[in-house]
Amino acid sequence: MVSVYRPTTLTEALDHVALGNVTLFSGGTDLMVQHGVRSGIAPQFDTDVLFLDAISELSHIEATQDGLCIGSECSLSDIESDDQVPEILRLSVGQIAAPALRNRATLSGNICNASPAGDSLPALYLLDARLILASAQGRREVPISDFITGPGKTILKADEILSHILLPKVDLPQLFYRKVGTRAANALSKLSVAGLAKVVEGKVVDWRVAFGAVSPTVVRCKELEQLLIGKNVAEINIEAMVEQYSEMIHPIDDQRTTAKYRHQTSLKLLASWLEALRDV
Amino acid sequence: MASKVETSNITVEFVLNHREVSIEVEPMQSLLHTLRVDLINTATKEGCGEGECGACSVLFNGKLVNACMLPIAQVQGAEILTLEGLRESEKGQCVINALLEAKGVQCGFCSPGMVLALYALLEANSDPSEEEIRRGISGNLCRCTGYGMIVDAARIAAQKGAQLW
């Protein structure tokens, strides 16, 4: 017999996960579909369900000394509408699905799903987001790039809950974000490209780019980014950069589009992000 | 086929259209199923059943949600507003009349969800731009109107109900 629990504190929730074999459930916008909700039929879960949405201590976005701390139960709408949140992340989550879905879906759910097409992920990689994984034994902090190991795969242990997302302070005023989908709303990404930069008097102080839905996990390469730092924007060899990134992007064919389209389009978007720097 | 796993029923108490409801249900069944089958409130429609079409839009603690994807266990203690409740209010009537005036109702299947989406939009933003209107209803599919008349309805509701929002 499957049971459901809806604790109101993190401590209670952690006591439940310590017993093992539960499905963590926040907004449920993916879980309900994955477990076969349809007309007249309740979705089928084969483990107990632990609802996290009533834990009010995880529903806040707070400025800290080092940046921003986002509770795991904040909805995508909460993030989209909070002006403390870096614009690149607000833009990305604002293009996920549609308002009613964003009112329930959470950022932590988008992370833990670890879909290659998770639209919040490129922005979180660019921002060097760190995740707090809590358990009854304590907590550990990991960078998002170590957390996601493959499509649908993370290092979250059976007795852990992703409790907070930490965004270090950054000073990166230039941004770029393009999501390519079949339509503007309610479409999963064919691919996405996100960029952040700081250019002062024609010199690149910082430059970053991340690609979504073109590889098993988000593609970001700090070594390649370093090549541009300190350069004059007029000296950037766009073709050479595109060629280097071309080697790093390994998309697949699927029902949404082809590998070739993903590869070509993401590189064209990279070129336009590099071109945009010249106008800063 | 996976074997069916039984879930024990739970009692869920919530406020539906300003009236308290207490019901014994399967905890993972959707709010939509509960409304339509257990409580016989059938204004809220089922379209896709997976969060894509918006026909089942209702307000959950004042926020627009898809009732098809909300397990009833999460509704414990919440306030739910559906078209049955909204149409009793002046604001609800304002949106409904605007949709009728703009001829934004054809087959009518999307209309209950559309009224809720327009209401949620105007509650948050009393004077939305066309882009804001289109964004506000972007999760509500209509296969009849082509949306132009629904966008007009939002403008009419914003103007005629200027003192309401």
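Residues numbered from 1 in each chain as written. Chains lettered and ligands numbered in written order. Predicted model: local features only at pLDDT ≥ 70, side-chain atom pairs only at ≥ 80, totals over all residues. Heavy atoms only, no water.

## Here's the deal with the interface of chain A and chain B
Taken together, the contacts link 36 residues of chain A with 33 residues of chain B. Counting the surface lost from both chain A and chain B, the interface buries some 2,700 Å², and carbon and sulfur atoms represent 56% of this. Our enumeration of links across chain A and chain B arrives at 2 salt bridges. Where R135 of chain B meets E80 of chain A, a salt bridge forms, and the shortest distance between an N and an O atom there is 2.5 Å. Where chain A packs against chain B, one counts 9 residue pairs in polar contact (both at pLDDT 80 or more). When residues of the side of chain A that touches chain B are traced back to their parent elements, those giving at least two are α2 (31-34), β3 (48-51), α3 (76-80) and α5 (99-102) of chain A. The leading source of residues in the side of chain A that touches chain B is α5 of chain A, at 4 residues. Of the residues in the side of chain A that touches chain B, the class split is 17 nonpolar, 10 polar and 9 charged. (Contact = heavy atoms within 4.5 Å. Buried area = accessible area lost by both parts, 1.4 Å probe. Salt bridge = Lys/Arg side-chain N within 4 Å of Asp/Glu carboxyl O. Polar contact = N/O pair within 3.5 Å; in protein donor to acceptor, adjacent residues only side chain to side chain. Helix = DSSP H or I, 4+ residues; strand = E, 2+ residues; numbered from the N terminus. Nonpolar A, V, L, I, M, F, W, Y, C, P; charged D, E, K, R; others polar.)

## Considerations on the packing of aromatic side chains
The geometry of two aromatic rings is summed up by the distance between their centres and the angle between their planes. All names here are of chain A. All told, the structure shown has 7 aromatic pairs over all chains when counted by the stated rule. When the ring of F25 is compared with that of F51, the centres are 4.8 Å apart and the planes differ by 70°; the resulting orientation is edge-to-face. A residue pair is termed long-range when its members are at least 10 positions apart, and F25 in strand β2 (residues 22-25) and F51 in strand β3 qualify at 26 residues. There is no split in this pair, since F25 and F51 are both buried. Among the aromatic residues, ring-to-ring pairing joins F176, W207, F211, Y245 and W273 into one connected group. (Phe/Tyr/Trp six-rings, centres within 6.5 Å; stacked < 30°, edge-to-face > 60°. Buried < 20%, exposed > 50% of the residue type's maximum accessible area, 1.4 Å probe, protein only.)

## Concerning the pairing of β3 of chain A
Residues and elements named next belong to chain A. Bridge count for strand β1 (residues 4-5) against β3 is 2 bridges, and the pairing is parallel. Considered in β3, the bridge of V4 is made with V49. In this sheet, β3 lies alongside β2 in parallel orientation, the contact comprising 4 bridges. Its bridge partner being in β3, V22 is matched across the sheet by D48. (Pairing = 2+ DSSP bridges.)

## Quick word on helix α6 (residues 148-160) of chain B
Residue and element names in this part refer to chain B. Compared with an ideal rise of 1.5 Å per residue, which puts 13 residues at 18 Å, α6 spans 18 Å between its outermost C-alpha atoms and is within 8% of the ideal. Regarding α6, the residues found buried are I150, V151, A153, A154, I156, A157 and A158. Considering only its buried residues, α6 is in contact with α3 (90-101), α4 (111-124) and α5 (130-136). (Expected span 1.5 Å × (residues − 1).)

## Quick notes on the sheet that holds strand β6 (residues 130-135) of chain A
All names here are of chain A. Strand order in the open sheet made by the 5 strands is β4-β5-β10-β6-β7, with antiparallel pairing throughout. In this open sheet, the two edge strands, each paired with only one partner strand, are β4 (61-63) and β7 (138-143). Averaged over all pairs of adjacent strands, the angle between their axes in this sheet comes to 20°, without regard to strand direction. Packing against the sheet, helix α1 (residues 10-18) makes contact with β6 and β10 (161-168), and its axis sits at approximately 125° to β10. (Axes fitted to C-alpha atoms, helices over the stretch in contact; angles between N-to-C directions.)

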